[in-house]
Structure formats: C-alpha cells, structure tokens
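# Coordinate inspection notes
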Amino acid sequence: MNKFDPAAAINAVQQTSAERGINPSINDSATFTFEKGQTMTDTFHGEATGSYLYSRNWNPSATSLCRALAAMEGTEAAWVTGSGMAAITCTLLQCLQNGDHCVASMTVYGGTFAFLNNYCRRLGIDVTFVDSTDFEEVKAACKPNTKVIYTETMSNPLLRISNIGKLREIADKAGAKLIVDNTFSPMIFSPYKLGAHIVVYSMTKFINGKNDCVAGAICADQAFIDSLVDVNNGTAMLLGPVLDSYRATSILKNLYTLHVRMQQHSRNAMYLAEKFNEIGIKATYPGLPTHIDHKIMVEEMNEGFGFGGMLAIDLITAERANALMELMQKKGIGFLAVSLGYFRTLFSCSGKSTSSEVPDEIQHKMGMSEGLLRYSVGLDHDIAHTFEVIKECLKELKFI
Ligand code: PLP
C-alpha cells in the first residue's frame, strides 16, 4: 500500500478570489486584455508566461481546478476538458500520428475502444488490443513504431487491476508513453506516482459526483501540457474541447469532498459484494480476497479510500439483468442508467450498454457474460436496508 495522500495534497492548495473570497472567482471572460501589444505577441508565441490570452487555451477558473487536480495526481500540471472523451482523444492524438502504433487494453471503456478501433485506424494509426494483465502479451504486441501503451487502472466492467509499474517497464523498453485512465478509482490509485506518463479522467463520474455535467482532465508533466495547448500544434488548442469556467468552478468545489465520497462508496460496495456472495449471487469486487487482482490492488492502492464504488454481479442473461434492474428502480434502489460515481446507485447491463461497442468475441475473451449487471454504488446511509430491498427483488423474480 502507498502512503501518498491525494486528499491532503488537494487541501494544501489554498486558492481564494481576488477579493479574498474563500473560493476562486468564476472568470467568465473568453478573452483577456494586455497593457502592452508586445506582451500579447510574446504570450501568443509562448515566449511570455503569466498572462491569460484566450479561454480556449487557459482561463483562470480552469487553472484553479487544474492546480488542485495536479496536486491530487502528483503531476506538475493538468488541463481540463469538456468531456472525458475529449481528454482521452486529445491525449492520444497528441501522442500518435499516421504510421504509429498503439497497444491498448481490450477492456477499455466502449467509447475509447471505438475511438481506437475505428477512428484511429481511419487516420492510419495501427492498434493492437491485448489483455493488459498478461505482460508477455503486452510485450509481444509492441513494435518498433509503438508510441503508446493505453490502459485503465480499474477496468470496466470486470474491475481488473493494471500493474502500472510493470506496464511502465514495458513502455520504457518500447520507447512508448504509458497513458492511464483512472476514472473508476480517483484517490484510490495515483497512476502517475506508480509510473504512468499521463493520467486521464472522465470527471463526469466520481470526481464531480453530481451527474450534472460532462467533463474531463489530463494530468501530466508541464512539457506535455504545454504541448497540448501550443497554438501551432497543440491538439487541445486546435480541436478546442475546453471546459467552461462555470463548470470548472463547480467541479473544483466538489473535488474537495471526493475523499469522503470515495470512502463511503467503497464501504457500501464492499458490504453489497460480501452480502451478494453470501446469498449465492456471484459478485465481482476487487476488495474481496477472492478477486483475481485483489493482491495487486492492495500493493498499488493508496491507504484510506477503500476498494472503490464499482461492483458487478452475473445474472447469466440480459433478460434476467433487465428484470432485476427494472424492479430495483421501481423499489427506489437507484436508477437504471449508464455512468457512475453518482451519489445515488446506478445500474446497467454492461454488454448491452457501456461495452456494446466492444465486439462480442472480445467481450467473450475478456470473460464478460451478457447478464453482467454493473452497479455504481451510491452513498446510501443505510446500506443494510438497501441490500434487504435488493434481496426482496431477487426473491420476487425467483433468482434466489
Ligand atoms: N473513461 C471511462 C472509464 C468511462 O467510463 C467513460 C464514460 O463512461 C469515459 C472515459 C468517457 O467520459 P465522458 O462520458 O465524460 O466523455
């Protein structure tokens, strides 16, 4: 277990408004004024720092959020985007070009899978999907033109855990960058500290925690973030998926309660996982000693945030999964909805929703049953009562 404390690191970033308000102000300017024409020219060409130019590259509100995110990850810098997919696609396109090759985990989020499998190939970027927990397979997939190894710390929906240190060793040998999506496990893992070059997030999920917007983040060293916003070649600057300053400010405030939320999501998910197994419903949860990656999780995780809020149960068929989800929604357990990291419980049938872009043969290869029901466990105060209601649903459907 690691001793790094991302919550303390965020708390150490004291930011106030110009008027000493205890929150940074919302700066809703698209453009910024200069006293001297020469300073504007120098700023434009990256020869002067310290002045804001235009909100498509930097805005003071976004900067406040970036400072806190960089502290949380232990990186020099960060940049925030209008969605998680924007963070992922900008990062990949900054690192890959026509003729390059990417080795990617086959269990990545469906949108990322589709981007790599369809869109990148259209641009002449070659992609090999691998089981990223099989190091021999990852090594064997690397080619002289491999520029990126891409994985998620905690995979969707089977919650496999990546060994970031091992993958970094392979990336170094291949001369590639290791990019890690840590959306499922903020604070629990610090992938940059474990060896990732770049960490990406969908902040839509746990980081914001309110399901009121989509947003993303890229955390890396200063040189990479500078390259992203370069006026001539920066993918973020040129594609322009910027996060609005109002949203950046509201996410920043939510970020300061992330550690408490992660602890409660984890406590509740662990309780449900244990109880499901007790009644004979097979639960996949990395906090259980029986989970295939429990040991590596314990080695890599930060202390004090638990094993995360994601949990999967196998109901064998999609029809059975749908029946349970519809009944649970009716009885107020949560919502039949995609996404995760919300304060209420969300559930979806992965193979028919968030992983539906992944072809059936790959779903089969990764061991995903069509009746796999994924829970993003909420912040329920009385999780024992929640479980009793789920048990009633299972009994009513004659599943137990
Ligand atoms: N990464 C993961 C692991 C996700 O689950 C998702 C969305 O579900 C994304 C990235 C994409 O994020 P967004 O929907 O904010 O674009």
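None of the values given here were measured: they were computed from a predicted structure.

### What about the overall build of the chain?
Counting its regular elements, the chain contains 16 helices and twelve strands. Relative to a compact globule of 400 residues, whose C-alpha radius of gyration would be 21 Å, the chain shows 21 Å and is just as compact. Each principal axis of the C-alpha distribution contributes one length, and for the chain these read about 75 × 55 × 35 Å. Looking at the chain as a whole, 56% of its 400 residues are labelled buried. Taking the contacts inside the chain whose residues are at least 6 apart along the sequence as the reference set, 71% of them involve residues at least 24 apart. By element, 51% of the accessible surface of the chain is carried by carbon and sulfur atoms, the whole surface being about 16800 Å². Placing the 35 positive and 41 negative side-chain charges of the chain at their respective mean positions leaves the two points 3 Å apart.

### Comments concerning the pairing of strand β11 (residues 345–349)
Among the five residues of β11, five are classified as buried, and the element is accordingly described as predominantly covered. Pairing analysis gives three bridges linking strand β10 (residues 334–336) to β11, with the strands arranged parallel. Paired with Gly-334 across the bridge in β11 is Thr-345. Bridge count for β11 against strand β12 (residues 372–376) is four bridges, and the pairing is antiparallel. Within β12, the position partnered with Leu-346 by the bridge is Ser-376.

### Digging into the sheet that holds strand β4 (residues 146–152)
Taking strand neighbours across the sheet as the criterion, the seven strands line up as β1-β7-β6-β5-β4-β2-β3 in an open arrangement whose pairing is mixed. Only two strands of the sheet have a single partner each, and these edge strands are β1 (77–81) and β3 (126–130). Taking the axes of each pair of neighbouring strands and ignoring which way they run, one obtains an average angle of 20° across the sheet. The pairing of strand β5 (residues 177–181) with strand β6 (residues 198–202) spans three bridges and is classified as parallel. Considered in β6, the bridge of Asp-181 is made with Val-200. Helix α5 (residues 110–122) rests against β2 (101–105), β3 and β4 of the sheet, and its axis sits at about 150° to β3.

### Details of the nonpolar core
Grouped burial of nonpolar side chains is what soluble globular proteins tend to show. Formed by 86 residues in total, the largest nonpolar core has its most connected members in Leu-69, Met-203, Phe-276 and Tyr-375. Per-element accounting of this core gives the leading share, seven residues, to helix α3 (residues 60–73). Each of domain 1 (6–255) and domain 2 (258–396) contributes no fewer than three residues to this core. Here Leu-69 is in contact with Ala-78, Val-80, Met-203, Ile-207, Ala-217, Cys-219 and Leu-255, once residues within four sequence places are set aside. Membership of the second largest hydrophobic core comes to 38 residues, among which are Ile-88, Val-108, Phe-129 and Ile-218.

### Some remarks on helix α16 (residues 383–396)
At 3.6 residues per turn, the α-helix brings residues three or four places apart onto the same side. Taking 1.5 Å of rise per residue, 14 residues should cover 20 Å, and α16 covers 20 Å from first to last C-alpha, within 8% of that figure. Inspection of α16 places Ile-383, Thr-386, Phe-387, Val-389, Ile-390, Lys-391, Cys-393 and Leu-394 among the buried residues, and these make up the whole buried set. A positive phi of about 60° marks Lys-398, the residue just after α16.

### Here's the deal with the packing of α3 against helix α11 (residues 245–255)
Relative to each other, α3 and α11 sit at 35°, their axes nearing to 8 Å. Crossing of α3 over α11 shows left-handed handedness. Contacts from Ser-61, Ala-62, Ser-64, Leu-65, Ala-68, Leu-69 and Met-72 in α3 reach Ser-245, Ala-248, Thr-249, Ile-251, Leu-252 and Leu-255 in α11. Its residues assigned to classes, the contact of α3 with α11 comprises nine nonpolar, four polar and no charged.

### A look at empty space enclosed by the protein
Applying the stated criterion to the full structure yields two cavities of 30 Å³ or more. What the largest cavity holds in volume is close to 40 Å³. In terms of lining, the largest cavity is formed by Ala-7, Ile-10, Asn-11, Met-187, Leu-255, Tyr-256 and His-259. For the lining of the largest cavity, the leading source of residues is helix α1 (residues 6–11), giving three residues. Among the residues forming the lining of the largest cavity, the class breakdown is five nonpolar, two polar and no charged. When its volume is computed, the second largest cavity comes out at roughly 30 Å³. Residue lining of the second largest cavity: Ser-55, Asn-57, Trp-58, Asn-59, Ala-62, Trp-79, Val-80 and Val-242, and that is the complete set.

### Focus on the site of the ligand
Lining the immediate surroundings of the ligand are 13 residues, of which Met-85, Asp-181, Ser-202, Thr-204 and Lys-205 lie closest. A distance of 2.8 Å separates an oxygen atom of the ligand from a polar backbone atom of Met-85. Measuring from an oxygen atom of the ligand, one finds a side-chain N or O atom of Lys-205 at 2.7 Å. In terms of residues, the shell around the ligand owes the most to one element, helix α4 (residues 84–95), which gives three residues. Per-class residue counts for the shell around the ligand are five nonpolar, five polar and three charged.

### Some points on the sheet that holds strand β8 (residues 283–284)
One open sheet holds the five strands; their spatial order is β8-β9-β12-β11-β10, and the pairing between them is mixed. Of all strands in the sheet, those with a lone pairing partner are β8 and β10, marking the two edges. Each of β8, β9 (310–314) and β12 is contacted by helix α12 (residues 258–278), which is oriented at about 15° to β9, the strand it contacts most. Helix-sheet contacts for helix α14 (residues 318–330) involve β9, β10, β11 and β12, and the interaxial angle to β11 is about 160°.

### Some remarks on the side chain of Ser-17
Mapped onto the elements, Ser-17 comes out in the loop between α1 and α2 (37–44). For Ser-17, a relative accessible area of 9% translates into the label buried. A polar contact of 2.8 Å, which involves the side chain of Ser-17, links it to the backbone nitrogen of Gly-21. The contacts of Ser-17, once residues within four sequence positions are left out, are Asn-23, Pro-24 and Ser-25.

Each value, and the rule that gives it
Residues numbered from 1 in each chain as written. Predicted model: local features only at pLDDT ≥ 70, side-chain atom pairs only at ≥ 80, totals over all residues. Heavy atoms only, no water. Helix = DSSP H or I, 4+ residues; strand = E, 2+ residues; numbered from the N terminus. Rg over C-alpha atoms; globule rule 2.2 N^0.38 Å. Buried < 20%, exposed > 50% of the residue type's maximum accessible area, 1.4 Å probe, protein only. Contact = heavy atoms within 4.5 Å. Areas by Shrake-Rupley, 256 points an atom, 1.4 Å probe, with all protein chains shown as cover. Lys, Arg positive; Asp, Glu negative; His and termini not counted. Charge placed at Lys NZ, Arg CZ, Asp CG, Glu CD. Pairing = 2+ DSSP bridges. Axes fitted to C-alpha atoms, helices over the stretch in contact; angles between N-to-C directions. Core = buried A, V, L, I, M, F, W, Y, C linked by side-chain atoms within 4.5 Å. Domains from an automatic or database assignment. Expected span 1.5 Å × (residues − 1). Left-handed = near helix turned anticlockwise from the far one by under 90°. Nonpolar A, V, L, I, M, F, W, Y, C, P; charged D, E, K, R; others polar. 1 Å grid on protein atoms, 1.4 Å probe; cavity = no way out; pocket = protein on both sides within 12 Å on 5 of 7 lines; lining within 4 Å. Points joined across faces, edges and corners; volume = space filled by probe spheres on them. Near = heavy atom within 4 Å. Polar contact = N/O pair within 3.5 Å; in protein donor to acceptor, adjacent residues only side chain to side chain.

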